[in-house]
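One letter stands for each residue in the lines below.
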Amino acid sequence: MALLAFILGTLGVVVLYWRYWRNGQRHLPPGPKKLPFIGNLLSMPRRAEWETFADWGKEYNSDIIHASALGTSVVILNSYQVAVDLLDKKSAIYSSRPHFTMFHELSGWGYLFSMLPYGDVWRESRRIFTKHFNSSHHDAINQQRDILYVRRFIWQLLEKPHGFLRHARTLVGSTTLSMTYSINVRPYDDPLIEIVENAVETAVELLIAGAFLVDVFPLLKYVPKWFPGAKFQRKAAIMRENSERLRNATFLTTEKLMEAGNYSPSFVSDALRENIDNPKDIDLLKDIAAQVYMAGADTTASALGTFFLSMVCYPEVQKKAQRELDKVLNGRLPEHGDIVSLPYLHALVKEVYRWKPITPLGLPHQSISDDLYKGYHIPRNSMVIPNQWAMLNDERDYPEPRHFRPERFLKDGRLDHSVRDPMDIAFGFGRRVCAGKHIAHSTIMLAAASVLSSFDLLRERDENHREIDPKGKYTHALISQPLDFPCVIKPRSAYAAELIRSSSGLDIVD
Ligand code: HEM
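Residues numbered from 1 in each chain as written. Predicted model: local features only at pLDDT ≥ 70, side-chain atom pairs only at ≥ 80, totals over all residues. Heavy atoms only, no water.

- Looking at an unreviewed UniProt entry, one finds the protein chain named Cytochrome P450, with Hebeloma cylindrosporum as its source organism.
- Listed in UniProt under the heading Cofactor (unreviewed entry), the comment for the protein chain reads: "heme".
- Comment text from UniProt for the protein chain, heading Pathway (unreviewed entry), reads "Secondary metabolite biosynthesis." (UniProt positions renumbered as here; feature names shortened; annotations may be inferred.)

So, in structure tokens, the structure goes:
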């Protein structure tokens, strides 16, 4: 054993040194100085990596940066143009995903197609997903769902305003479970929401870079669960249990609803009605369905949370949006058809995506062959990170980027299409661009319109009646979520409160 360990260790060192030497011979993009064997491991930032990566861009005067860690080549894209040049225009090379031992092999989440390498299973999954969710049949039903659950959401804001971030999650959970599984969840304490939220909660750690040593030293995966220090194996076991529960409990519920003949059409019910009975196809269907919640819940909830935060921090923006809504709605609640008449609100939601990037570093891509870009060598199997934070804060596109200013997207009262649309960045790039982009955007627009037409969102006051500035703190993970902050949610009038109550659709809740 000792001899084997020695041989493997020596081989590892030789390979790392060879890669270090070979890369030194090639013209890689600029970046921080690398040490032999470990590369930039020690200089890799632990917090707000996106800001350090953007600083490197300025320091080396380049929108494309190269770093490495223990032999893994890392390419950071700090501008929209570079991201489009590589991830869009050369998508045949840049559409795979890196492999993480904890995620793909141990956690039980390896089936999610958002993280699958480029290949047949990913292609088939994405095709099935897109065929259903991009159809006009889905759009029509989904708009009704949005209305139903958004109205319930504003009713919850009226009844229990302090839980606004939790209600936002319930809104996202309700639309997602309904469109995927035909499940109509309860507004409070729904057991299925508990199962799926629990699964998401335990999976969050997987999305924190460097959280698990086994990703750096994959051989650790063979360490048994009982071994001292093998906490990651115990965590992996819990994650596996949760991921299976999410996949199966939801699917079973659809089957039961279908047996009872009491359901609205969804992704799973439509597929089952086509008489899928081959266990392999059923398994793939379950995998794709579970993906919807995992991709859509935290991201959409984060955007809604940022919407509330921005409205509390920028009351004059809120007032402008309300004036626009009042003119268009004339005392009724908004519907999807109103959205085209609301350019200011549209600009406001674009600014929400830009101001606090939801996935500051996007989702990593991986290159599948060597490439040459502007004279730089991009090695095969590089982890390619689109630094969305840097792009959405790029002063060349968005002057004074830290200010929340919807006006930057408007000209003469209309949307100015010459300004870079944050949606072209926030939802990713190329063949791996977000598959639920229009679904998320439709829910967020309707929710923002409904909240602002019904409520004033105000700063809370302390015991001395001074306004409390929200700190605007966010979680640190692949998906950045606002932490709870003080916010007063007050109906704009007695009429608005009555309208919310009479439109909440609670008769459809069991
Ligand atoms: C505001 C909300 C959302 C944001 C900001 C967002 C953002 C993203 C980003 C950045 C990616 C990776 C793109 C890339 O690799 O370049 C992605 C992938 C994905 N998103 Fe979203 N997303 C949101 C909501 C949703 C929703 C609601 C769904 C489902 C209905 C969804 C489904 C997916 C799927 C399936 C992928 C994987 C695509 C693939 O790898 O082929 N997303 N999303």
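**Some words on the UniProt feature "binding site: heme" (unreviewed entry) in the protein chain**
In step 1: Mapped onto the present numbering, the UniProt feature "binding site: heme" (unreviewed entry) falls at Cys-434.
In step 2: You can see Cys-434 is positioned in the loop between α15 (423-426) and α16 (437-454).
In step 3: If we ignore the near neighbours within four places in the chain, the residues touching Cys-434 are Arg-126 and Phe-427. (Helix = DSSP H or I, 4+ residues; strand = E, 2+ residues; numbered from the N terminus. Contact = heavy atoms within 4.5 Å.)

**Focus on the nonpolar core**
In step 1: Core analysis: the biggest nonpolar cluster contains 135 residues, and Trp-109, Phe-308, Leu-348 and Leu-457 have the highest contact counts within it.
In step 2: The greatest single-element share of this core, amounting to 19 residues, is contributed by helix α11 (residues 279-313).
In step 3: Met-44, Phe-53, Ala-54 and Ile-76 belong to the second-largest nonpolar core, a separate cluster that totals 14 residues. (Core = buried A, V, L, I, M, F, W, Y, C linked by side-chain atoms within 4.5 Å. Buried < 20%, exposed > 50% of the residue type's maximum accessible area, 1.4 Å probe, protein only.)

**With respect to the pairing of strand β2 (residues 72-77)**
In step 1: Of all six residues that make up β2, five are buried, and the element is covered over most of its length.
In step 2: Taken together, the six bridges between strand β1 (residues 64-69) and β2 define a ladder with antiparallel strand orientation. Looking at the pairing, Ala-69 lines up with Thr-72 of β2.
In step 3: Counting the residues that bridge the hairpin from β1 to β2 gives two residues, and of these Leu-70 lies at a positive phi of roughly 50 degrees. (Pairing = 2+ DSSP bridges.)

**A closer look at the site of the ligand**
In step 1: Residues in contact with the ligand amount to 30 residues; listed here are only the nearest, Arg-97, Trp-122, Arg-126, His-365 and Cys-434.
In step 2: The contact in question runs from an oxygen atom of the ligand to an N or O atom on the side chain of Arg-97, over 2.8 Å.
In step 3: Between the ligand and the protein, one listed contact pairs an oxygen atom with a side-chain N or O atom of Arg-126 at 2.8 Å.
In step 4: The dominant element in the shell around the ligand, judged by the number of residues it contributes, is α11, at six residues.
In step 5: Residues belonging to the shell around the ligand are distributed by class as follows: 17 nonpolar, 10 polar and three charged. (Near = heavy atom within 4 Å. Polar contact = N/O pair within 3.5 Å; in protein donor to acceptor, adjacent residues only side chain to side chain. Nonpolar A, V, L, I, M, F, W, Y, C, P; charged D, E, K, R; others polar.)

**Re the side chain of His-346**
In step 1: By secondary structure assignment, the location of His-346 is in helix α13 (residues 343-355).
In step 2: Beyond its immediate chain neighbours, meaning those up to four positions away, His-346 contacts Ile-339, Leu-415, His-441 and Met-445.

**A word on the packing of aromatic side chains**
In step 1: This structure, assessed with the given rule, holds 18 aromatic pairs.
In step 2: Aromatic side chains Phe-53 and Trp-56 sit 5.3 Å apart centroid to centroid with 45 degrees between the ring planes, which places their arrangement in the tilted category. Of this pair, Phe-53 and Trp-56 are both found in helix α2 (residues 49-59), three residues apart, which corresponds to roughly one turn of the helix. You'll find Phe-53 and Trp-56 in the same group, each marked buried.
In step 3: Pairwise contacts between aromatic rings join Phe-153, Phe-164, Phe-307, Phe-308 and Phe-485 into one cluster.
In step 4: Sitting over the face of the ring of Tyr-111, Arg-247 holds its NZ or CZ atom 5.2 Å from the ring centroid.
In step 5: A cation sits over an aromatic face here: Lys-356 above Trp-355, 4.8 Å from the ring centre. (Phe/Tyr/Trp six-rings, centres within 6.5 Å; stacked < 30°, edge-to-face > 60°. Lys NZ or Arg CZ within 6 Å of the ring centre and 35° of its normal.)

**Some points on the packing of helix α6 (residues 136-159) against helix α17 (residues 494-502)**
In step 1: Taken N-terminus to C-terminus, the directions of α6 and α17 make an angle of 130 degrees; their axes are 9 Å apart at the nearest point. With respect to their mutual orientation, α6 and α17 come out oblique. As α6 packs across α17, the resulting crossing turns out to be left-handed. Seen from α6, the contacting residues are Ile-154, Trp-155, Leu-158 and Glu-159; seen from α17, they are Ala-497, Ile-500 and Arg-501.
In step 2: The residue makeup of the contact of α6 with α17, split by class, is five nonpolar, no polar and two charged. (Axes fitted to C-alpha atoms, helices over the stretch in contact; angles between N-to-C directions. Parallel < 35°, antiparallel > 145°, perpendicular 65-115°, else oblique. Left-handed = near helix turned anticlockwise from the far one by under 90°.)

**Points about unusual backbone geometry**
In step 1: Despite not being glycine, Ser-182 has its phi angle at roughly 70 degrees, a positive value.
In step 2: With respect to the element layout, Ser-182 can be found in the loop between α7 (164-181) and α8 (191-203).
In step 3: Judged by relative accessible area, which is 6%, Ser-182 ranks as buried.
In step 4: Even without being a glycine, Asp-412 presents a positive backbone phi close to 50 degrees.
In step 5: Looking at the secondary structure, you find Asp-412 in the loop between β7 (410-411) and β8 (414-415).
In step 6: The exposure class assigned to Asp-412 is exposed, which follows from its relative accessible area of 75%.

**Re the side chain of Asp-85**
In step 1: If you trace the backbone, Asp-85 turns up in helix α3 (residues 80-88).
In step 2: Of the residues examined, Asp-85 reaches a relative accessible area of 13% and is grouped as buried.
In step 3: Of the polar contacts made by the side chain of Asp-85, one reaches the side chain of Tyr-373; its length is 2.6 Å.
In step 4: Excluding anything up to four places from it in sequence, Asp-85 contacts Lys-90, Tyr-373 and Lys-374.

**Quick word on a positive patch on the surface**
In step 1: Taken together, the side chains of Lys-225, Lys-231, Arg-234 and Arg-240 make up a positively charged region of the molecular surface.
In step 2: You can see Lys-231 is positioned in helix α9 (residues 231-259).
In step 3: Its relative accessible area of 53% is what places Lys-231 among the exposed residues. (Patch = residues over 30% accessible without salt bridge, like charges linked within 9 Å, V, L, I, M, F, W, Y side chains within 5 Å. Areas by Shrake-Rupley, 256 points an atom, 1.4 Å probe, with all protein chains shown as cover. Salt bridge = Lys/Arg side-chain N within 4 Å of Asp/Glu carboxyl O. Lys, Arg positive; Asp, Glu negative; His and termini not counted. Charge placed at Lys NZ, Arg CZ, Asp CG, Glu CD.)

**Remarks on the environment of Leu-348**
In step 1: Considering the arrangement of structural elements, one finds Leu-348 in helix α13.
In step 2: A residue is classified by how much of its surface remains accessible, and Leu-348, at 0% relative accessible area, is buried.
In step 3: The spacing of Leu-348 and Ala-321 is 27 residues in sequence and 8.0 Å in space, taken between C-alpha atoms.
In step 4: Non-local contacts of Leu-348, meaning those with residues more than four positions away in its chain, are made with Phe-307, Met-311, Val-317, Ala-321, Phe-404, Pro-406 and Leu-452.

**So, the sheet that holds strand β3 (residues 365-366)**
In step 1: Pairing is mixed across the open sheet formed by four strands, whose spatial order is β1-β2-β6-β3. Only two strands of the sheet have a single partner each, and these edge strands are β1 and β3.
In step 2: Taken together, the two bridges between β3 and strand β6 (residues 383-386) define a ladder with antiparallel strand orientation. When the sheet's bridge partners are listed, Gln-366 is paired in β6 with Met-383.
In step 3: Taken strand by strand, α2 contacts β1, β2 and β6, and its axis lies near 120 degrees from that of β1.
In step 4: Of the strands in this sheet, β1, β2, β3 and β6 are in contact with α3, which crosses β2 at around 130 degrees.

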